[in-house]
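Take a look at the letters that make up each chain.
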Amino acid sequence: MIYKERIRTSSREVLIDITSIIKNVVKRSNIVSGIAFIYVPHTTCGITINENADPDVKKDIINALANIGIESISFYHLEGNSPAHVKSTIVGSSITVFIENSDLVLGRWQGIMLAEFDGPREREVWIKIIKEL
Amino acid sequence: MIYKERIRTSSREVLIDITSIIKNVVKRSNIVSGIAFIYVPHTTCGITINENADPDVKKDIINALANIGIESISFYHLEGNSPAHVKSTIVGSSITVFIENSDLVLGRWQGIMLAEFDGPREREVWIKIIKEL
Amino acid sequence: MIYKERIRTSSREVLIDITSIIKNVVKRSNIVSGIAFIYVPHTTCGITINENADPDVKKDIINALANIGIESISFYHLEGNSPAHVKSTIVGSSITVFIENSDLVLGRWQGIMLAEFDGPREREVWIKIIKEL
């Protein structure tokens with residue numbers, strides 16, 4: 001079973017904290033102990049874990065990835081969104097998070113973030129949960 | 001059980017679409033619903049998911065990663081392939097893809113790519129498939 | 001069950017080979033065949049796989065990531081460690097490694113590395129092991 005969640009992104013490049021959405025899926029699964037696999041079915045966004053305490057960190061990550069030298073090179077792909085494809089590969093499309101006591105087990109400052117690089121759009125996040133035996 | 005697939009890369013830096021190879025492994029596994037874990041046992045290549053519709057996207061990703069400022073610094077490692085090691089860590093060596101109805105479940109534009117950064121070589125891709133109970 | 005291992009990092013930015021620590025966890029788990037999921041619960045370090053034969057590769061990766069243009073931009077986050085947050089997202093916080101014959105199955109040159117970007121600190125690495133049925 002794949003849980004599919006829809007997320008509306010609000011600007012061209014933005015990190016969106018989706019921790020509460022994933023926690024809700026874990027609750028609905030009724031799985032006490034296991035692993036959540038979180039996946040984005042897109043090629044111009046990514047999924048990552050980073051600080052959710054200070055919202056400035058999200059802005060800094062977006063700004064930094066816009067400054068690593070991949071905006072200005074000449075691209076073959078004619079849609080104009082090649083930097084978004086590159087960032088998708090840099091950030092990655094799948095992460096793994098542990099479940100104990102029917103909840104995600106995250107580090108103190110960690111949140112799960114959808115990384116939008118070619119919005120605004122309606123995106124999907126897919127989740128599969130495996131029960132620990 | 002680990003499925004081991006061999007892939008011959010054709011140039012020094014190239015993204016190679018291996019989606020059909022992974023789909024074939026899923027078919028051979030006879031697993032209807034579960035998760036495929038895909039892994040490269042190398043330190044100068046990576047595994048990623050990105051667009052497989054326009055082949056130019058693959059070239060753009062290779063070119064962009066060659067322009068983030070890691071080619072020209074002075075390296076300690078004397079084999080001359082340090083940029084490839086760095087790109088391997090940036091892209092990553094493992095991904096997770098879901099299986100339903102005995103097939104991979106990918107987004108509309110997604111393909112699975114071996115990212116060669118120090119070819120041409122014969123590479124291996126390892127796959128383990130976990131059945132959903 | 002989550003295995004939690006503590007690692008003391010020795011400098012601000014460093015890659016630390018933790019392969020033997022993970023191998024030891026696999027041994028303690030008594031699982032013969034399966035998958036190890038390795039996770040860092042932090043937002044200024046990452047987990048990666050790269051060459052463990054020549055220790056210079058670890059230094060080259062740290063130096064290269066310090067040269068991709070994310071040190072000098074103006075950051076909003078006031079703690080001064082935004083580059084470490086960005087590198088955490090670039091390297092990633094979770095990896096997957098296979099287990100056969102009660103041991104990790106790594107490529108010939110591969111080792112598992114904790115990537116410290118904001119040390120020295122005491123860090124944790126979390127491991128969950130899923131048995132293959």
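The structure displayed is predicted, hence computed values, not measured ones.

*Asks:* Looking at this model, I keep getting lost on the relation of the copies chain A and chain B. Mind explaining?
*Replies:* Between the two copies of the chain lies a rotation about an axis combined with a shift along it. Mapping chain A onto chain B is achieved by rotating through 120° and translating by 0.0 Å along the same axis, at an RMSD of 0.0 Å. Read as a symmetry element, the transformation amounts to a three-fold axis. Interface overlap between copies is the fraction of interface residues in one copy that are interface residues in the other; for chain A against chain B it is only 13%, indicating separate surfaces.

*Asks:* Please explain empty space enclosed by the protein as it appears in this structure.
*Replies:* Regions of empty space are outlined by a rolling probe, equal in size to a water molecule, passed over the atoms. Throughout the structure, instances matching the rule amount to 2 cavities of 30 Å³ or more. Of the voids in this model, the largest cavity is the one considered here, and its volume is about 410 Å³. Around the largest cavity sit 36 residues that line it, and Val91 and Ser94 of chain A, Val91 and Ser94 of chain B together with Ser94 of chain C are the ones nearest its centre. Of the residues belonging to the lining of the largest cavity, the class tally is 15 nonpolar, 21 polar and no charged. The computed volume of the second largest cavity comes to approximately 30 Å³. The residue inventory of the lining of the second largest cavity, partitioned by class, reads 7 nonpolar, no polar and no charged.

*Asks:* I tried to follow the interface of chain C and chain A on my own but got confused; where do I start?
*Replies:* It is common to give the size of an interface as the accessible area that goes away when the parts come together. Counting residues at the interface gives 30 residues for chain C, matched by 34 residues for chain A. Note on chain C versus chain A: buried area summed over both sides is about 2,700 Å², and carbon and sulfur give 63% of it. Among the residues of chain C in contact with chain A, Tyr39, Tyr76 and Thr89 of chain C are the three that bury the most area, contributing 23% of the side total. Scanning the region where chain C abuts chain A turns up 2 salt bridges. Put simply, lysine 128 of chain C and glutamate 100 of chain A hold a salt bridge, and the shortest N to O gap is 2.6 Å. Scanning the region where chain C abuts chain A turns up 16 residue pairs in polar contact (both at pLDDT 80 or more). Looking at the side of chain C that touches chain A, the elements that each hand over two or more residues are strand S3 (34–39), helix H3 (82–91) and strand S8 (122–131) of chain C. Per-element tally for the side of chain C that touches chain A: the top contributor is H3 of chain C, with 6 residues.

*Asks:* How do you make sense of the interface of chain A and chain B when you look at a structure like this?
*Replies:* Contact residues are listed per partner, giving 30 residues for chain A and 34 residues for chain B. Per-residue buried area on chain A facing chain B is highest for Tyr39, Tyr76 and Thr89 of chain A; these three make up 23% of the total on that side. Summed over the shared surface of chain A and chain B, the number is 2 salt bridges. Taken together, chain A and chain B are joined by 16 residue pairs in polar contact (both at pLDDT 80 or more).

*Asks:* Before we go on, may I ask you to explain helix H3 (residues 82–91) of chain A in this structure?
*Replies:* One turn of the α-helix equals 3.6 residues, which is why residues spaced by three or four share an orientation. Along H3 of chain A, 10 of the 10 residues are buried, which leaves the element largely enclosed by surrounding structure. Glycine 92 of chain A occupies a position one or two residues after H3 of chain A and carries a positive phi of about 100°.

*Asks:* Looking at this structure, how should I read the packing of aromatic side chains?
*Replies:* Both the distance between ring centres and the angle between the ring planes are used here to describe each pair of aromatic rings. Summed over all chains, the structure comprises 9 aromatic pairs over all chains. Ring geometry for tyrosine 39 of chain A versus phenylalanine 98 of chain B: centroids 5.6 Å apart, planes at 45°, classification tilted. With tyrosine 39 of chain A in strand S3 (residues 34–39) and phenylalanine 98 of chain B in strand S5 (residues 94–100), the pair connects residues from two separate chains. With respect to burial, tyrosine 39 of chain A and phenylalanine 98 of chain B carry one shared label: buried. Taken together through their ring pairs, the aromatic side chains of Phe37 of chain A, Phe37 of chain B together with Phe37 of chain C make up a single cluster. Note that lysine 59 of chain B overlies the ring of tyrosine 76 of chain A, its terminal NZ or CZ placed 4.2 Å from the centroid.

*Asks:* Where do I start with the pattern of salt bridges in this structure?
*Replies:* For side chains of opposite charge, pairing can occur when their charged atoms come near one another. Residue and element names in this part refer to chain C. Per the counting criterion, the structure on display carries 36 salt bridges over all chains. For glutamate 13, the salt bridge goes to lysine 87, with nearest N and O atoms at 2.6 Å. Placement of glutamate 13 in the loop between strand S1 (3–8) and strand S2 (14–17) and of lysine 87 in helix H3 is noted, with a sequence separation of 74 residues between them. In this structure, glutamate 13 and lysine 87 share a single accessibility class: buried. Between arginine 121 and aspartate 118 there is a salt bridge, and its shortest N-O distance comes to 2.5 Å. Residue arginine 121 is classed as partly exposed on the basis of its relative accessible area, which comes to 33%. With relative accessibility at 16%, the residue aspartate 118 sits in the buried group.

Cut-off values and rules
- Every residue gets a number counted from 1 within its own chain, in the order that chain's sequence is written.
- Chain letters start at A and ligand numbers start at 1, both assigned in the order the entries are written.
- In keeping with the predicted nature of the model, local features appear solely for residues at pLDDT of at least 70, side-chain atom pairs appear and are counted solely at 80 or more, and the whole-chain, interface and lining totals rest on all residues.
- No hydrogens and no water enter the side-chain calculation; it runs on all heavy atoms of the structure.
- The least-squares superposition of copies is restricted to C-alpha atoms, and to residues with a pLDDT of at least 70 in both copies.
- Contacts are residue-level and defined by heavy atoms, with any inter-residue pair within 4.5 Å sufficient.
- Cavities and pockets are found on a 1 Å grid laid over the protein atoms alone: a cavity is a set of points where a 1.4 Å probe fits but cannot escape, a pocket is an open set with protein on both sides within 12 Å along at least five of seven lines, and a lining residue has an atom within 4 Å of such a point.
- Grid points are joined across faces, edges and corners, and a volume is the space filled by probe spheres set on the points.
- Polar here means any residue outside two lists: the nonpolar Ala, Val, Leu, Ile, Met, Phe, Trp, Tyr, Cys and Pro, and the charged Asp, Glu, Lys and Arg; Gly therefore counts as polar.
- By definition, the buried area sums, over both parts, the 1.4 Å-probe accessible area that each loses when the two are put together.
- One speaks of a salt bridge when a side-chain nitrogen belonging to Lys or Arg is within 4 Å of a carboxyl oxygen belonging to Asp or Glu.
- Pairs of N or O atoms are called polar contacts if they sit within 3.5 Å, as long as, within protein, a hydrogen donor faces a hydrogen acceptor (for residues adjacent in sequence, only side-chain-to-side-chain pairs).
- Secondary structure is summarised from DSSP: a helix means a run of H or I of at least four residues, a strand means a run of E of at least two, and numbering begins at the N terminus for each.
- Remark: exposure states derive from per-residue accessible area (1.4 Å probe, protein chains only) relative to the maximum for the residue type, with buried under 20%, exposed over 50%, and partly exposed in between.
- Only the six-membered ring of Trp is used, alongside the rings of Phe and Tyr, when aromatic pairs are assigned; centres must lie within 6.5 Å, and planes under 30 degrees apart are stacked while those over 60 apart are edge-to-face, with the rest tilted.
- For a Lys NZ or an Arg CZ to count as sitting over a ring, it must be within 6 Å of the ring centre and within 35 degrees of the ring normal.

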